[in-house]
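These are the residues of each chain, in order.
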Amino acid sequence: MTVSVSFRMGLCWFLLSFLFHSLYAHNDFFTSIGQMTDLLYTEKDLVTSLKEYIRQEENRLEQVKEWADKLDSLTNTATQDPEGFLGHPVNAFKLVKRLNSEWGDLESLVLKDTTNGFISNLTMQRQFFPTEEDQTGAAKALLRLQDTYQLSANTISNGDLPGVVHKSRMTVADCFELGKIAYSEADYYHTELWMAQALTQLDEGEESTIEKVTVMDYLNYAIYQQGELERALELTKRMLKLDPLPERKKYEMLCRGEGVKMTPRRQSRLFCRYFDNNHNPWLLLAPVKQEDEWDRPRIVRYHDIISDSEIKTVKELAKPRLRRATISNPITGVLETAPYRITTVHDPNTGKLTTAHYRVSKSAWLYEYEHSTIEKINQRIEDVTGLEMDTAEELQVANYGVGGQYEPHFDFGRKDEPDAFKELGTGNRIATWLFYMSDVSAGGATVFPDVGAAVWPKKGTAVFWYNLFASGEGDYSTRHAACPVLVGNKWVSNKWIHERGQEFRRPCAMSEME
């Protein structure tokens, strides 16, 4: 197997750095045989480490080779009769899925050297690849064909369609993707069909990176939504045997600083900048410091965005009225006091078996007419985000003590919550602004379990993200939680911004995922 350029360069730097370190630390080794014998054992350890490095590189390149061989065979077949090949809806769906998702995964796997011809070419060509919208559209087309021609999920997955020449079987990941798209549309009938098919293929021994309990999670909720409570209960019992709390584990890992899914390549695309929100008059002379924290969903942090004196004022106003925090009732949409108990439930908002999102903290609501500082803070959020604050909820201040937390939840109302925020009359929560008003000695991060993101508290900063796409569809990747405070005292204040009043500030997009 040909040794890559990056491998040779990495090896050279590895050995040179060891040599320089050795010369710097002990530049008189030659005067003592006793010291030089120690070097032999050091070199032996290095050789062992080097062989492990080579083994890992060869394994990685073998994965790339297997991928290339598989795609070489597939593309050779497909290009012999492109129209006939793509006339099979499964082939069309899998092509879009590969180019939108799987080639991106390969890009992270192969060599990171951007001067390499393949990587440069792939990066350049990706701008012409299908988008999330294309992948969703292809999936919906497959579901329409399934209904029109009364085809079972198993028939489609096996590729047993009439008149088929280029038969193509769907993987567990393909079936799971179709089920997820149906789920995002609150189409629980098709969610059940395709999650059940994915589960069947897993039970039959097909290898997949999709965990069985994750598939069962979606399947269980789809069955529950269709009123089949006994089946849902049986599936819940089976899930508990496999994994008591899958989301809980991800949440706790992120709280400990483990399991963050930001690759070096993705990290390199995040930047810091001075931001004036398209030449906002209030920010021209003093632009804010904006830092990218995450790419999908896009989470940005603003540094030095609230002063110590403002934080002091907010705390003084909030302290006398701190009460147990409230949460939105998923059925009625009414804000209710959050109970202290923590229990395992099937979350009706997400379809996931998880710990119910109870908030262990105290909070208070501050109105801008009460104090000029609150008015200034609201105006600052409007200037930076460009969003209307008149329809936003009041500034909520929360204080978390030791062990204080907020379980995984969405800030926006889902499709199966038609009355969410109905009493406010301002539409759904389009975005979230969160001030950190204290440093936390240990713990207390804001984490996003579905995407593996973690944002750590830093006094005087704020983070911001959109809960809804510009189309008005909810962004399910924004499910987040406040980790327990291990040591210290955590103060935050947040502004939930609503849809009404944003019609011209953030125009609606034509595509669902935009």
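Only a predicted model underlies this, so the values are computations on that prediction, with no experimental measurement involved.

Colleague: Would you mind going over the overall build of the chain in detail, with residue names and values included?
Modeller: Within the chain, the secondary structure is distributed over 15 helices and 20 strands. Total accessible area on the chain is roughly 26,800 Å²; 56% of this is exposed by carbon and sulfur atoms.

Colleague: Before we move on, can you summarise the packing of aromatic side chains with the specific residues and values?
Modeller: Evaluated as defined, the whole model comprises 18 aromatic pairs. Taken together, Phe-176, Tyr-183, Tyr-188, Tyr-218, Tyr-221, Tyr-224, Phe-410, Phe-412 and Tyr-476 form an aromatic cluster joined through their ring pairs. Over the aromatic face of Trp-496 sits the side chain of Arg-429, whose NZ or CZ is 3.6 Å from the ring centroid. Just above the ring of Tyr-400 sits the side chain of Lys-490; from NZ or CZ to the centre is 5.0 Å.

Colleague: Talk me through the side chain of Asp-276; I want residue IDs and the actual numbers.
Modeller: Along the chain, Asp-276 turns up in the loop between strand E1 (272-275) and strand E2 (288-294). Of the polar contacts made by the side chain of Asp-276, one reaches the backbone nitrogen of Asn-278; its length is 3.3 Å. When sequence neighbours within four positions are dropped, the list of residues in contact with Asp-276 reads Leu-283, Leu-284 and Pro-287.

Colleague: Lay out the pattern of salt bridges in plain terms, naming residues and giving numbers.
Modeller: For the structure shown, the criterion picks out 25 salt bridges. In this structure, the salt-bridge partner of Arg-505 is Glu-388, at a minimum N-O distance of 3.3 Å. In this pair, Arg-505 sits in the segment after strand E20 (490-498) while Glu-388 sits in the loop between helix H15 (372-385) and strand E11 (395-400), placing the two residues 117 residues apart along the sequence. Overall, the relative accessible area of 15% leaves Glu-388 in the buried class. Via salt bridges that share partners, Lys-94, Lys-97 and Asp-174 belong to a single interconnected network.

Colleague: How would you summarise the confidence of the model for the chain if you had to cite specific residues and measurements?
Modeller: For the chain, per-residue confidence averages 81 on the pLDDT scale, and residues scoring 70 or more make up 78% of the total. Below a pLDDT of 50 lies the segment residues 18-33, which in the model reaches nine contacts outside its immediate sequence neighbourhood of four places, other chains included. Ignoring residues within four places in sequence, the model shows residues 112-117, a span with pLDDT below 50, making nine contacts including any to other chains.

Colleague: Go over the packing of helix H14 (residues 308-318) against H15, please, and point to the residues and values.
Modeller: Two elements in contact, H14 and H15, have axes whose closest approach is 10 Å; the angle formed by their N-to-C orientations is 120 degrees. Taken together, H14 and H15 sit at an angle that is classed as oblique. In this structure, H14 meets H15 at a crossing whose hand is left-handed. Each of Glu-310, Thr-313, Val-314 and Leu-317 in H14 lies in contact with H15, whose residues at this interface are Thr-373, Ile-374, Ile-377 and Arg-380. Across the contact of H14 with H15, the residue classes tally to four nonpolar, two polar and two charged.

Colleague: Explain the pairing of strand E3 (residues 299-303) residue by residue, including any values.
Modeller: Of all five residues that make up E3, five are buried, and the element is covered over most of its length. Here E3 shows no split at all, with Ile-299, Arg-301 and His-303 on one side and Val-300 and Tyr-302 on the other all buried. Relative to E3, E2 is paired through five bridges, and the arrangement is antiparallel. By the bridge assignment, Gln-290 is partnered in E3 with Tyr-302. Connecting E2 to the antiparallel partner E3 that follows it, the hairpin turn spans four residues.

Colleague: Break down helix H11 (residues 229-242) for me, with residues and values.
Modeller: Taking 1.5 Å per residue, 14 residues should reach 20 Å; H11 reaches 20 Å between its end C-alpha atoms and fits that length. For H11, the complete set of buried residues consists of Ala-232, Leu-235, Thr-236 and Met-239. Down the axis of H11, the buried side of the element spans an arc of 110 degrees, and every buried residue falls inside it. Exposed and facing more than 90 degrees away from the buried side of H11 are Glu-230 and Lys-241.

Colleague: Tell me what's going on with unusual backbone geometry, and back it up with residues and numbers.
Modeller: Looking along the chain, the bond that leaves Arg-296 and enters Pro-297 is cis, with omega of 0 degrees. Residue placement: Pro-297 occurs in the loop between E2 and E3. Positive phi, normally seen in glycine, also occurs at Asn-277, with a value near 50 degrees.

Colleague: Provide a residue-level description of H14, including the pertinent values.
Modeller: Glu-310, Ile-311, Thr-313, Val-314, Lys-315, Leu-317 and Ala-318 are the residues of H14 that are buried. Of the surrounding secondary structure, the elements contacted by the buried residues of H14 are strand E10 (362-366), H15, E11 and E20.

Colleague: Give a description of the state of the cysteines that names residues and reports values.
Modeller: Taken as a whole and judged by the stated rule, the model has one disulfide. Cys-255 shares a disulfide with Cys-483; S-S distance 1.9 Å. Disulfide Cys-255 to Cys-483: torsion about the S-S bond roughly -90 degrees, handedness left-handed. Taken as a pair, Cys-255 in helix H12 (residues 246-255) and Cys-483 in the loop between strand E18 (480-482) and strand E19 (485-487) lie far apart in primary sequence, 228 residues in all. With respect to burial, Cys-255 and Cys-483 carry one shared label: buried.

Colleague: An account of the packing of helix H8 (residues 172-184) against helix H10 (residues 212-225) is requested, with residue identities and associated values reported.
Modeller: If you want to describe how two helices pack, look at the angle between their axes and the distance between the axes. Interhelical geometry of H8 versus H10 gives an angle of 35 degrees and a closest axis separation of 11 Å. Handedness of the crossing formed by H8 with H10: left-handed. Facing H8, whose interface residues are Phe-176, Lys-180 and Tyr-183, H10 presents Thr-214, Val-215, Tyr-218 and Tyr-221. Here the contact of H8 with H10 is composed, by residue class, of five nonpolar, one polar and one charged.

Colleague: Report on the nonpolar core, specifying residues and quantitative values.
Modeller: Phe-93, Leu-142, Ile-156, Met-170, Leu-178, Trp-194 and Val-215 are the most contacted members of the largest nonpolar core, which totals 36 residues. It is H10 that provides the largest number of residues to this core, a total of eight residues. A domain-level breakdown of this core finds at least three residues from each of domain 1 (32-127) and domain 2 (132-244). If near-sequence neighbours (up to four positions away) are discounted, Phe-93 is found in contact with Gln-135, Ala-138, Ala-139, Leu-142, Met-170, Asp-174, Glu-177 and Leu-178. With 35 residues, the next largest nonpolar core counts Ala-318, Leu-366, Ile-374 and Trp-433 among its residues.

Colleague: So what's going on with the environment of Lys-261? Which residues, and what values?
Modeller: One can find Lys-261 in the loop between H12 and helix H13 (264-267). Taking the C-alpha atoms as reference points, Lys-261 and Ala-453, 192 residues apart in sequence, are found 6.6 Å from one another. The residues touching Lys-261, leaving out its near neighbours within four places in the chain, are Arg-266, Trp-294, Val-451 and Gly-452.

The rules behind each value
- Residues numbered from 1 in each chain as written.
- Predicted model: local features only at pLDDT ≥ 70, side-chain atom pairs only at ≥ 80, totals over all residues.
- Heavy atoms only, no water.
- Helix = DSSP H or I, 4+ residues; strand = E, 2+ residues; numbered from the N terminus.
- Areas by Shrake-Rupley, 256 points an atom, 1.4 Å probe, with all protein chains shown as cover.
- Phe/Tyr/Trp six-rings, centres within 6.5 Å; stacked < 30°, edge-to-face > 60°.
- Lys NZ or Arg CZ within 6 Å of the ring centre and 35° of its normal.
- Polar contact = N/O pair within 3.5 Å; in protein donor to acceptor, adjacent residues only side chain to side chain.
- Contact = heavy atoms within 4.5 Å.
- Salt bridge = Lys/Arg side-chain N within 4 Å of Asp/Glu carboxyl O.
- Buried < 20%, exposed > 50% of the residue type's maximum accessible area, 1.4 Å probe, protein only.
- pLDDT = per-residue confidence, 0-100.
- Axes fitted to C-alpha atoms, helices over the stretch in contact; angles between N-to-C directions.
- Parallel < 35°, antiparallel > 145°, perpendicular 65-115°, else oblique.
- Left-handed = near helix turned anticlockwise from the far one by under 90°.
- Nonpolar A, V, L, I, M, F, W, Y, C, P; charged D, E, K, R; others polar.
- Pairing = 2+ DSSP bridges.
- Expected span 1.5 Å × (residues − 1).
- Arc of directions from axis to C-beta.
- Disulfide = S-S within 2.5 Å.
- Core = buried A, V, L, I, M, F, W, Y, C linked by side-chain atoms within 4.5 Å.
- Domains from an automatic or database assignment.

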